[in-house]
Amino acid sequence: MRLIIGLICIFISLWINATLKSNFRQWALSPLPRPEVARLLSGEFTALGSDYFLMKAAIFYGGEEGLTKAESLWLSKALYLTSYLDPYYFEPYWMAGSILPWEGRIQEAKNILKQGLIYLPQNWQIPFYLGFVSFYFEKNYKEAARYFLRASKLPGAPSYLPLLAARLAVKGNETKMAIIFLQEQLKRFKDIKIRTQLEKRLNTLKIILFLEEAVKKYQQRYRRLPSDLNELVDKKIIPALPLDPYGGRFYLTKEGRVWSTSNLR
Amino acid sequence: MGQVISIAKVTFKEGMRERIFLGVLIFVGFLLIGSGFVADLSIGDILKVTQDIGLSGLSFLGLFISLFLSTHLIAKDLDKKTIFLVISKPIARWQYLLGKFLGLCFLTTFALFIGFFVFIITLFYFWKTANLFQIPHIAWYKHILAFIYLNLKMYLLVAIGIFFSSFSSSALVAFFFSLFVYFIGSNLENVKMILESKAGENISSFIKGIFHLAYWLFPNLSLLDLKAVAVHNLPLDMSSLALRLIYGIFYTVALLLFAFFIFEKREFT
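Residues numbered from 1 in each chain as written. Chains lettered and ligands numbered in written order. Predicted model: local features only at pLDDT ≥ 70, side-chain atom pairs only at ≥ 80, totals over all residues. Heavy atoms only, no water.

Draft legend 1. The overall build of chain A, seen in detail. Helix and strand counts for chain A stand at 13 helices and two strands. For 265 residues, the compact-globule estimate of 2.2 N^0.38 gives 18 Å, and the C-alpha radius of gyration of chain A, at 23 Å, exceeds that figure by more than 25%. Along the first, second and third principal axes, the C-alpha atoms of chain A reach 90 × 45 × 25 Å. Across the 265 residues that make up chain A, the buried fraction comes to 51%. Taking the intrachain contacts of chain A between residues at least 6 apart in sequence as the baseline, contacts between residues at least 24 apart amount to 61%. When the accessible area of chain A is evaluated, it comes to approximately 13,700 Å², of which 60% is carbon and sulfur surface. Averaging the locations of the 38 positively and 23 negatively charged side chains of chain A gives two centres separated by 3 Å. (Helix = DSSP H or I, 4+ residues; strand = E, 2+ residues; numbered from the N terminus. Rg over C-alpha atoms; globule rule 2.2 N^0.38 Å. Buried < 20%, exposed > 50% of the residue type's maximum accessible area, 1.4 Å probe, protein only. Contact = heavy atoms within 4.5 Å. Areas by Shrake-Rupley, 256 points an atom, 1.4 Å probe, with all protein chains shown as cover. Lys, Arg positive; Asp, Glu negative; His and termini not counted. Charge placed at Lys NZ, Arg CZ, Asp CG, Glu CD.)

Draft legend 2. Examining the environment of Met16 of chain B more closely. Residues and elements named next belong to chain B. Its location among the elements puts Met16 in helix H1 (residues 2-17). What makes Met16 partly exposed here is its relative accessible area of 34%. A sequence separation of 54 residues divides Met16 from Ser70, and the C-alpha atoms of the two residues are 13 Å apart. Here Met16 is in contact with Phe21, Leu107 and Phe110, once residues within four sequence places are set aside.

Draft legend 3. A look at the interface of chain B and chain A. The partner chain A presents 31 residues to the 32 residues of chain B that form the contact. Taken over both partners, the interface formed by chain B and chain A buries close to 2,700 Å², and the fraction arising from carbon and sulfur atoms is 60%. By the criterion of area lost to chain A, the three top residues of chain B are Ile43, Phe133 and Ile194 of chain B, representing 24% of everything that side buries. Counting the contacts that link chain B with chain A gives four salt bridges. Linking chain B to chain A there are 11 residue pairs in polar contact (both at pLDDT 80 or more). Every element with two or more residues in the side of chain B that touches chain A is listed here: helix H3 (46-79), helix H7 (171-196) and helix H9 (227-232) of chain B. (Buried area = accessible area lost by both parts, 1.4 Å probe. Salt bridge = Lys/Arg side-chain N within 4 Å of Asp/Glu carboxyl O. Polar contact = N/O pair within 3.5 Å; in protein donor to acceptor, adjacent residues only side chain to side chain.)

Draft legend 4. Spotlight on the packing of aromatic side chains. Residues and elements named next belong to chain B. Within the structure shown, the criterion is met by 36 aromatic pairs over all chains. Considering the side-chain rings of Phe27 and Phe60, the 6.2 Å spacing of their centres and the 65 degrees angle between planes classify their relative orientation as edge-to-face. Note that Phe27 is positioned in helix H2 (residues 19-39) and Phe60 in helix H3, a separation of 33 residues in sequence. For Phe60, a relative accessible area of 34% corresponds to the partly exposed category. (Phe/Tyr/Trp six-rings, centres within 6.5 Å; stacked < 30°, edge-to-face > 60°.)

Draft legend 5. Molecular detail of unusual backbone geometry. All names here are of chain A. Backbone geometry places Lys139, a non-glycine residue, at a positive phi of 55 degrees. Structurally, Lys139 can be placed in the loop between helix H8 (125-137) and helix H9 (141-152). Lys139 gets classed as partly exposed once you look at its relative accessible area, which sits at 39%.

So this is what it looks like as structure tokens:
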């Protein structure tokens, strides 16, 4: 009799557990501890805490299509926490450099990366990321050139870096730079979770580059900028206007650059 | 010396017979083997996560065995009155404690060695089979160094456990005192960094004073913690390593001498 009641009780609790729906967003976006508190509570196991929060950030970012403001703030805080708990860990810097600026968290990304400059002074990728953020998002070409030069002097840096630093003076290479940058970042990881997101961005940038080159052709032929991108199709420079994988619409800026209404987010 | 060795032998056998010893060893064994699979959830350099879990698991194993068994075994002798059998023999009380210490140290090293062996094998396996573009460099000899210093840290913890057992008759009280000291000792460096950072500017000087006192008094266990050095292959200089070694040994010896002193004066009922 007692055994039967016991079995019924365990069955009911198992059933309750199975029916309660766990919410992925709720779990992933749960409040983060203050970095100092996390450090004290984890004692000698701070590295494990760092691994845990990075894992959470990676799983969260991999499972999302476009982040809201609150979500990108959460991500930047999680990455800061990760790099605070284990400042010698490269991956949080990589994530901060390759994801945060695109989500509009430029200053947060730079703060995390600057910490990386202190702890991993021999790593060329951290100044490289910082240079890219300055160049592409802040249009601060002087600072960008300084970071690229610094990166180019470190072991393992690609041989094109000094050339890149020199070319920064030439305006209008933003899209090409972004493509080089993303390809460099994709070289490091095989993880499908994050790669799909970066590859989507890379493909969109390649489309933008294709459109910008078409605009240049138009300019050479007619000695002026087209009034909008549809004119490229009308004059048969491109067969059709490509679609933005992010669901936005490509348009021409006043400076002759191509961008999308989706902001690639 | 012969008596000390025989007490150490008995302690080692006694510890091996504790079921909890086996339980913790099996748990950590699973943890170490599973570490690579857990690490697969992360991104990028998953071997770093494997190493973190492995070294932390070893630390946990040593922590549990050194603190729990050091307080438990002495209290058991007092509780079951087997201590009278020992002190009625021509053995000094300090010899009894020293024997306990050596036996427990040997036990801890034995368990840690098994754990380390499993860890290195798993790490090697995941290193060889890792699906990464750039296979990271692993500082094997620094792992061995971290293992040696981990042992040293555990000896210090055994000495802490014995020190508290020398005057407390309850195993639980001695255990929690030791755990408390461990918690403070492993956080001293963390608190120091926080106090010196921007976050520490608003903290009152009174609290800072208390902390400085604690910093001098409690054992700074993070000095013997080389986990980060091994995982990130950080540079090490020999003089700092030697100083850390001397620190660990001197602190352990001091605690043991205090424990001998208190234990000599103690009345058994």
